[in-house]
Amino acid sequence: MDKIVDWFSIFWQESAEGTGTYAYTLLLGLQLTLEISVIAAVVAFVMGSIVGVCRTLPSPLVRRLSGAYVEFFRNIPLLVQLFLWYFVLPELLPRDIGMWLKQVPHSNFYTAAFGLGLFTSSRVAVQLSAAITSMPRGQKMAATALGLTTRQSYTNVLLPMAYRIVFPPLTSELLNLIKNSSVALTIGVAELTQSARNMDSYTFQTFQAFTAATLIYLVLNITITAVMRRIEHGVAVPGMLVAK
Amino acid sequence: MTTATTTPNSAAKQSSGAPVIQMIGVSKWYTPEFQVLDACSTSVQKGEVVVVCGPSGSGKSTLIKCVNALEPFQQGDIFVEGVQVNDRATNLPKLRSRIGMVFQNFELFPHLTIMENLTLAQRKVLKRGKDEADAKARKLLQRVGLSDQAPKYPGQLSGGQQQRVAIARALAMDPVAMLFDEPTSALDPEMVSEVLDVMVELAREGMTMMVVTHEMGFARKVANRVIFMDKGAIVEDVPTEEFFGSPRSERAQLFLSKILSH
Ligand SMILES: Nc1ncnc2c1ncn2[C@@H]1O[C@H](COP(=O)(O)OP(=O)(O)O)[C@@H](O)[C@H]1O
Ligand SMILES: [Mg+2]
């Protein structure tokens, strides 16, 4: 018993950074991880929905543009994308804008959040357009035949079902997004993984530091899985099959 | 089938005005090599019931989908109540809302209740208020004998029930004409008659109808004319009696003998 207390005691020590205990450092890291993930998830959902719908529209131009968007964000490693936005983009922009961009407070945080969001949006777009395409062609026809416009057909008929179809894959995209948020540390965001690294480098308690981070990620993702499953069952359509 | 003889629709051909649906030389190609419709011309007067039949792949579905511009076509003209379907200036959503369409696979919206299926387009397209749309929906559900199903979802209904809901959904828009694309082909045999009964009643009330079907009993009972299609062309377009009495084309004779021997 004493040994266990001893084992945990490191978390209650003042951190070398002087900002509180190491437990507090980890919690700050968790907070940043959550903030990045929430922003990224919103960006991924909104952009993924728009681009996903565009991929199913009749216009060849719109299809080609949305296709290019997907290929760009899907085929470049997330890490490279973050470096592109953070290091390369300011150099490519006109000098004044580039300078301004570099001085935006927390620019590394926002770069990580939006970069992760855009990366994930390409994956959401692919899932959503696949779901829309998988629906019977007659659904769109029936909506059109009733006089609904393309926009009304999407918002009232196609998307409500398409979102239900993509719900399980979207859940795993959300879990991936949270795990991927750790790449933010490469541009200096002290999110959860970085906090564990900091704690490790100050205390050399590698085992404790990364066990704590592991457990926090686990609890977070298991909670999200449970919540998403509840929502999935809540929005299930009566009379249609749902996976248990 | 109780009445095997032709019983022309009472309301048909009374008005001598412009036809509700008029097709003039409609041709359509899916690819430059593949012509699916070949100079199809016909018209449907107010209150008339026209049955379209023909072998599978002959272009029946494509033809009636051209009427409400679900399918574009490259040559010819179609008018619905004098409005040109293939005119770029035509407000297509408005035109489509005036033509009811019933599909082989019902195509009810699975995430909406039966009530919501009947009110969605009334509210979004016709801008009816909730009370008015609900009242209309309830009246039509009663008419197709499904009043008690209003709060259910399509997936909880039988095929026959779903198709009756689909007919009610189309009628809720107060259409000037109804298009049916093989409305009973996806149904179990025991459910065919409940849908045909609704359609017969509709025909007798004077609804203008264009019906793709192989139900020759239905054709005999209520159709004023029968159109026979083959390879994208309208081969016969004759009064019902004439079609069943002595179809002129060999293809139609062959088709009829196959259909009727089943
Ligand atoms: N979207 C499409 N693209 C290419 N060919 C099609 C398409 N839809 C139908 N066809 C073809 O056009 C022909 C007529 O089809 P259809 O109008 O559905 O016939 P029917 O309803 O009489 O069975 C068929 O040969 C069919 O394979
Ligand atoms: Mg067909």
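Since we're looking at a predicted model, the values are computed, not measured. (Residues numbered from 1 in each chain as written. Chains lettered and ligands numbered in written order. Predicted model: local features only at pLDDT ≥ 70, side-chain atom pairs only at ≥ 80, totals over all residues. Heavy atoms only, no water.)

1. Some points on the UniProt feature "transmembrane region" (unreviewed entry) in chain A
Link 1 in the chain: Here the UniProt-annotated "transmembrane region" (unreviewed entry) positions come out as residues 36–57, 69–89, 109–132 and 207–228 of chain A.
Link 2 in the chain: Structurally, residues 109–132 of chain A is divided into 100% helix and 0% strand, and its ends, taken at the C-alpha atoms, are 34 Å apart. (UniProt positions renumbered as here; feature names shortened; annotations may be inferred. Helix = DSSP H or I, 4+ residues; strand = E, 2+ residues; numbered from the N terminus.)

2. A look at the layout of surface pockets
All names here are of chain A.
Link 1 in the chain: Considered as a void within the structure, the largest pocket measures approximately 650 Å³ in volume.
Link 2 in the chain: If you trace the largest pocket, you find 22 residues lining it, with Thr56, Pro58, Arg63, Arg137 and Lys140 closest to the centre.
Link 3 in the chain: Broken down by secondary-structure element, the contributors of at least two residues to the lining of the largest pocket are helix 6 (107–134), helix 7 (137–145) and helix 8 (150–180).
Link 4 in the chain: No other element matches the four residues that helix 7 contributes to the lining of the largest pocket.
Link 5 in the chain: Split by residue class, the lining of the largest pocket holds eleven nonpolar, five polar and six charged. (1 Å grid on protein atoms, 1.4 Å probe; cavity = no way out; pocket = protein on both sides within 12 Å on 5 of 7 lines; lining within 4 Å. Points joined across faces, edges and corners; volume = space filled by probe spheres on them. Nonpolar A, V, L, I, M, F, W, Y, C, P; charged D, E, K, R; others polar.)

3. Quick notes on the UniProt feature "domain: ABC transporter" (unreviewed entry) in chain B
Link 1 in the chain: As annotated in UniProt, the feature "domain: ABC transporter" (unreviewed entry) corresponds to residues 21–256 of chain B in the numbering used here.
Link 2 in the chain: Spanning residues 21–256 of chain B, this segment combines 37% helix with 25% strand, and its end C-alpha atoms are found 26 Å apart.

4. Some remarks on the UniProt feature "domain: ABC transmembrane type-1" (unreviewed entry) in chain A
Link 1 in the chain: In the numbering used here, UniProt assigns the "domain: ABC transmembrane type-1" (unreviewed entry) feature to residues 30–228 of chain A.
Link 2 in the chain: End C-alpha atoms of residues 30–228 of chain A are separated by 20 Å, and the span's content is 84% helix alongside 0% strand.

5. What to know about the packing of aromatic side chains
Each pair of aromatic rings is reported with the distance of its centres and the angle of its planes.
Link 1 in the chain: Evaluated as defined, the whole model comprises twelve aromatic pairs over all chains.
Link 2 in the chain: With centroids separated by 5.0 Å and ring planes inclined at 85 degrees, the aromatic side chains of Phe72(A) and Phe73(A) adopt a geometry described as edge-to-face.
Link 3 in the chain: Centroid distance Phe243(B) to Phe244(B): 5.5 Å. Interplanar angle 80 degrees. Geometry classified as edge-to-face. Accessibility assignment for this pair places Phe243(B) and Phe244(B) in one class, buried. (Phe/Tyr/Trp six-rings, centres within 6.5 Å; stacked < 30°, edge-to-face > 60°. Buried < 20%, exposed > 50% of the residue type's maximum accessible area, 1.4 Å probe, protein only.)

6. Side note on empty space enclosed by the protein
Link 1 in the chain: In this structure the tally under the stated criterion is one cavity of 30 Å³ or more.
Link 2 in the chain: Lining the largest cavity we find 13 residues, and of these Ala145(A), Leu146(A), Gly100(B), Met101(B) and Ala170(B) sit closest to its centre.
Link 3 in the chain: Breaking the lining of the largest cavity down by element, the ones donating at least two residues are helix 7 of chain A together with helix 2 (92–97), strand 6 (99–102) and helix 5 (159–171) of chain B.
Link 4 in the chain: Class assignment of the residues belonging to the lining of the largest cavity gives a composition of nine nonpolar, two polar and two charged.

7. Concerning the packing of helix 7 of chain A against helix 8 of chain A
Residue and element names in this part refer to chain A.
Link 1 in the chain: Viewed as axis vectors pointing N to C, helix 7 and helix 8 meet at an angle of 125 degrees, and their least axial separation amounts to 10 Å. Taken together, the axes of helix 7 and helix 8 are oblique relative to one another. When you trace helix 7 past helix 8, the crossing you get is right-handed. Residue-level contacts link Gln139, Lys140, Ala143 and Thr144 of helix 7 to Thr150, Ser153, Tyr154, Val157 and Leu158 of helix 8.
Link 2 in the chain: Of the residues contributing to the contact of helix 7 with helix 8, the split by class is four nonpolar, four polar and one charged. (Axes fitted to C-alpha atoms, helices over the stretch in contact; angles between N-to-C directions. Parallel < 35°, antiparallel > 145°, perpendicular 65-115°, else oblique. Left-handed = near helix turned anticlockwise from the far one by under 90°. Contact = heavy atoms within 4.5 Å.)

8. A closer look at the site of ligand 1
Residue and element names in this part refer to chain B.
Link 1 in the chain: Close to ligand 1 lie Tyr30, Phe34, Val36, Pro55, Ser56, Gly57, Ser58, Gly59, Lys60, Ser61 and Thr62.
Link 2 in the chain: Gly59 places a main-chain nitrogen or oxygen 3.0 Å from an oxygen atom of ligand 1.
Link 3 in the chain: In the environment of ligand 1, an oxygen atom lies 2.4 Å from a nitrogen or oxygen atom belonging to the side chain of Thr62.
Link 4 in the chain: Protein contacts shield 61% of the accessible area of ligand 1, which totals 560 Å² for the unbound molecule.
Link 5 in the chain: In terms of residue count, helix 1 (residues 60–67) provides more of the shell around ligand 1 than any other element does, three residues in total.
Link 6 in the chain: Looking at the shell around ligand 1, its residues break down into four nonpolar, six polar and one charged. (Near = heavy atom within 4 Å. Polar contact = N/O pair within 3.5 Å; in protein donor to acceptor, adjacent residues only side chain to side chain. Areas by Shrake-Rupley, 256 points an atom, 1.4 Å probe, with all protein chains shown as cover.)

9. What to know about the interface of chain B and chain A
Link 1 in the chain: Across the contact, 25 residues belong to chain B and 23 residues belong to chain A.
Link 2 in the chain: Summed over both partners, the interface of chain B with chain A comes to about 2,000 Å²; 69% of that surface belongs to carbon and sulfur atoms.
Link 3 in the chain: Among the residues chain B hides against chain A, the three largest losses belong to Glu107(B), Phe109(B) and His111(B). Together they make up 28% of the total.
Link 4 in the chain: Applying the counting rule to chain B against chain A returns zero salt bridges.
Link 5 in the chain: Between the two partners, chain B and chain A, sit four residue pairs in polar contact (both at pLDDT 80 or more).
Link 6 in the chain: Where the side of chain B that touches chain A is concerned, the elements lending two or more residues are helix 2, strand 6 and helix 3 (114–124) of chain B. (Buried area = accessible area lost by both parts, 1.4 Å probe. Salt bridge = Lys/Arg side-chain N within 4 Å of Asp/Glu carboxyl O.)

10. Side note on the sheet that holds strand 5 (residues 83–84) of chain B
The strands making up a sheet associate through backbone hydrogen bonding, with each pair oriented either parallel or antiparallel.
All names here are of chain B.
Link 1 in the chain: As summarised here, the arrangement of the four strands in space is 2-1-4-5, forming an open sheet in which the pairing is antiparallel. Of all the strands in the sheet, the pair left with one neighbour each is strand 2 (35–44) and strand 5.
Link 2 in the chain: Both strand 4 (residues 75–80) and strand 5 contribute to a ladder of two bridges, which runs antiparallel. Considered in strand 5, the bridge of Val80 is made with Val83.
Link 3 in the chain: Running at roughly 125 degrees to strand 1 (residues 21–29), helix 1 makes contact with strand 1, strand 2 and strand 4 of the sheet. (Pairing = 2+ DSSP bridges.)

11. Observations regarding the pattern of salt bridges
Link 1 in the chain: Taken as a whole and judged by the stated rule, the model has 15 salt bridges over all chains.
Link 2 in the chain: Glu71(A) is the salt-bridge partner of Arg74(A), the closest N and O atoms lying 3.3 Å from each other. Within this pair, Arg74(A) and its partner Glu71(A) are both found in helix 3 (residues 60–75), separated by three residues, close to a single helical turn.
Link 3 in the chain: Notably, a salt bridge pairs Arg225(B) with Glu48(B), separated by 2.9 Å at the nearest N-O pair. With a gap of 177 residues between them, Arg225(B) in strand 9 (residues 225–230) and Glu48(B) in the loop between strand 2 and strand 3 (49–53) connect regions that are remote in the sequence. As far as the burial class goes, Arg225(B) and Glu48(B) line up, both buried.
Link 4 in the chain: Through salt bridges with shared partners, a single network forms among Arg128(B), Glu132(B), Lys136(B) and Asp174(B).

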